[in-house]
Amino acid sequence: VTGVQTCALPVIRICSDQQKHYIHFSTCEVYGKTLAGFAEKDTEFRNDPDNYMLREDDTMMILGPIHKQRWSYACAKQLVERVIFAEGTQNGLPFTIVRPFNWIGPRMDYIPGVDGPSDGVPRVLACFSTRLMQGKPLKLVDGGEVERTFVYVKDAVEAVVKMFEQPKRSIGRVFNVGNPDNEVTVRNLALLMSDVYSDVTGKAKLAEPTIDIPAVEFYGPGYDDCDKRVPDNSLIENQIDWKPTTSLKEALTTTLRWMEATFAEKLNKTQTSTVATKNVLPSKQQVEQLEQMSLNA
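Each chain carries its own residue numbering, running from 1 in the written order of its sequence. With the structure being a predicted model, the display of local features is reserved for residues of pLDDT at least 70 and the display and counting of side-chain atom pairs for 80 or more, all residues being used for whole-chain, interface and lining totals. Excluded from the side-chain calculation are hydrogens and water; included are all heavy atoms of the structure.

Undergrad: I keep staring at the layout of surface pockets and nothing clicks. Help me out?
TA: Take a probe with the size of a water molecule and roll it over the atoms, and the empty space left behind shows itself. Cavities and pockets are defined on a 1 Å grid built over the protein atoms alone: a cavity is a set of grid points where a 1.4 Å probe fits but cannot escape, while a pocket is an open set with protein on both sides within 12 Å along at least five of seven lines, and lining residues are those with an atom within 4 Å of any such point. Grid points are joined across faces, edges and corners, and a volume is the space filled by probe spheres set on the points. Roughly 320 Å³ of volume is contained in the second largest pocket. Along its surface, the second largest pocket is lined by 14 residues, and Glu56, Glu81, Phe85, Arg99 and Val174 are the ones closest to its centre. Each helix is a run of DSSP H or I of at least 4 residues and each strand a run of E of at least 2, with the numbering of both proceeding from the N terminus. Looking at the lining of the second largest pocket, the elements that each hand over two or more residues are α3 (72-91), β3 (95-100) and β8 (173-177). The residue makeup of the lining of the second largest pocket, split by class, is five nonpolar, three polar and six charged. Residue classes follow a fixed rule: Ala, Val, Leu, Ile, Met, Phe, Trp, Tyr, Cys and Pro count as nonpolar, while Asp, Glu, Lys and Arg count as charged, and any other residue, Gly among them, counts as polar.

Undergrad: Teacher, can you tell me more about unusual backbone geometry here?
TA: Generally, phi is negative for residues other than glycine and the peptide bonds are trans, each holding for most cases. The phi dihedral of aspartate 142 falls on the positive side, at around 50°, and the residue is not glycine. Judged by its relative accessible area of 51%, aspartate 142 is exposed. In the Ramachandran plot, aspartate 241 falls in the positive-phi region, its phi being about 60° despite a non-glycine side chain. Among the structural elements, aspartate 241 can be located in the loop between α9 (234-240) and α10 (248-280). Exposure classes here rest on a 1.4 Å probe applied to the protein chains alone. A residue is buried below 20% of its type maximum, exposed above 50%, and partly exposed in between.

Undergrad: Hey, could you run me through the sheet that holds β8 in this one?
TA: Either a parallel or an antiparallel arrangement is found when strands of a sheet pair, and the pairing is made through backbone hydrogen bonds. Each pair of strands is called paired provided DSSP finds at least two bridges between the two strands. Across the sheet, three strands lie side by side as β1-β3-β8; this open sheet has parallel pairing. The sheet terminates laterally at β1 (22-25) and β8, the two strands that pair on one side only. The mean angle between the axes of side-by-side strands here comes to 20°, regardless of whether they run parallel or antiparallel. Bridge count between β1 and β3: four bridges; the pairing is parallel. Paired with isoleucine 23 across the strands is threonine 96, a residue of β3. By the convention used here, residues are in contact when the closest approach between their heavy atoms is within 4.5 Å. Simply put, an axis is a line fit to the C-alpha atoms, just over the touching stretch for a helix, and the angle between two N-to-C directions goes from 0 to 180 degrees. The sheet strands contacting α3 are β1 and β3, and the helix crosses β3 at an angle near 160°.

Undergrad: Help me out: how do you make sense of the nonpolar core in this one?
TA: Residues enter a nonpolar core if they are buried and are Ala, Val, Leu, Ile, Met, Phe, Trp, Tyr or Cys, with the set joined through side-chain atoms within 4.5 Å. Ile104, Phe128, Met133, Leu189, Met193, Leu248 and Leu252 are the most contacted members of the largest nonpolar core, which totals 26 residues. Sorting the residues of this core by element identifies α4 (124-134), β5 (138-141), α7 (186-201) and α10 as the ones contributing at least two each. The biggest single contributor to this core is α10, with eight residues. Residues within four places of leucine 189 in sequence aside, it is in contact with Val124, Phe128, Phe150, Val184, Leu248 and Leu252.

Undergrad: How should the environment of leucine 125 be read in this particular structure?
TA: With respect to the helices, strands and loops of the structure, leucine 125 is situated in helix α4. Accessibility expressed as a relative area gives 1% for leucine 125, which makes it buried. Leucine 125 sits 20 residues away from glycine 105 along the chain, and the two C-alpha atoms are 9.2 Å apart. If sequence neighbours within four positions are ignored, leucine 125 has contacts with Ile104, Met108, Met193, Leu252 and Thr255.

Undergrad: Please clarify how the packing of aromatic side chains should be interpreted in this entry.
TA: Within a pair of aromatic rings, the relevant descriptors are the distance that separates the centres and the angle that separates the planes. Within 6.5 Å between ring centres, the rings of Phe, Tyr and Trp (the latter by its six-membered ring) count as paired, and their orientation is classed by plane angle as stacked under 30 degrees, edge-to-face over 60, tilted in between. In total, this model carries six aromatic pairs according to the counting rule given. Between phenylalanine 85 and phenylalanine 95, the ring centres sit 5.9 Å apart and the planes meet at 65°, which makes this aromatic pair edge-to-face. Residue phenylalanine 85 is located in helix α3, and its partner phenylalanine 95 is located in strand β3; the two are separated by ten residues in the primary sequence. Residue phenylalanine 85 is classed as partly exposed on the basis of its relative accessible area, which comes to 47%. Aromatic ring contacts, followed pair by pair, group Phe218, Tyr219 and Tyr223 into a single cluster. It is arginine 99 that lies over the ring of tyrosine 31; its NZ or CZ is 4.9 Å from the centre. Counting as a charge over the ring demands two things of the Lys NZ or Arg CZ atom: a distance within 6 Å of the ring centre and an angle within 35 degrees of the ring normal. Positioned above the aromatic ring of tyrosine 52 is the side chain of lysine 228, whose terminal nitrogen or guanidinium carbon lies 4.0 Å from the ring centre.

Undergrad: Sorry, what's going on with the pattern of salt bridges here?
TA: Oppositely charged side chains may form a pair once their charged atoms are brought near each other. Salt bridges, as used here, are contacts in which a Lys or Arg side-chain nitrogen is within 4 Å of a carboxyl oxygen on Asp or Glu. Within the structure shown, the criterion is met by 15 salt bridges. Between glutamate 29 and arginine 70 there is a salt bridge, with the nearest N and O atoms lying 2.6 Å from each other. One end of the pair, glutamate 29, is in the loop between β1 and α2 (44-47); the other, arginine 70, is in the loop between β2 (53-54) and α3, with 41 residues separating them in the sequence. With a relative accessible area of 17%, glutamate 29 lands in the buried category. Here the residues in one salt-bridge network are Glu29, Arg70, Arg148 and Asp225, joined through shared partners.

See below:
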């Protein structure tokens with residue numbers, strides 16, 4: 001919310017005053033929960049694309065209750081979209097809003113303890129990549145049953161370039177930028193990443209590549225989620241002739257190869273340093289043994 005006030009609003013005002021084309025990066029999280037997510041599994045209603053495909057101009061935005069603070073981010077981003085649209089309507093701001101659907105690729109996120117806080121929780125791909133490089137099982141929140149789509153950053157950047165190049169067809173529009181063909185459950189994403197990582201590094205896969213963990217343990221209280229996020233790309237295809245071409249496996253191969261080359265050695269050094277520091281300090285059992293020896297002396 002603070003970022004909305006200090007970053008987005010001043011830029012919106014400047015672009016509006018100067019009549020400059022403002023391309024705003026929002027998030028697919030503004031859509032919130034799908035109608036399909038409220039139905040029982042394997043029902044006709046739940047499997048109907050009209051109830052889960054996300055369309056820029058038609059889809060209802062259903063967020064969770066206030067005490068589920070996970071929705072604060074989505075709410076803040078949606079608020080900015082509404083401000084931008086109002087500025088365009090009332091004061092002629094030439095805008096385009098981009099709703100990214102999990103853009104992945106090299107440099108997409110930080111690695112905890114290496115180029116970011118050690119106790120941080122980056123996005124799912126960086127979380128999984130970190131665990132793979134550490135040789136640890138990938139943590140699946142609530143079994144990893146939710147579904148997501150992923151688009152390679154090169155494809156996504158090409159979409160943004162087309163928006164700049166075709167202002168008459170992009171100004172005043174909201175665009176999904178994602179790849180509906182790359183839909184996968186988080187569990188299957190973890191298994192695919194384990195396979196790809198083994199292929200690009202030559203390292204053997206773990207016998208148990210994943211472990212399940214409750215959401216409250218991983219994220220803390222106040223977490224909530226939606227069942228799936230699949231973009232309808234009809235609008236962006238028709239308006240600026242964009243369609244993603246990179247498969248999920250291709251995107252993961254390039255990304256994990258870069259992650260391994262960039263972070264694996266640094267991550268290993270960080271782990272070794274942490275273990276060494278811990279080994280310097282005596283354990284509780286060792287302290288008790290030393291105290292007992294002193295009493296017996």
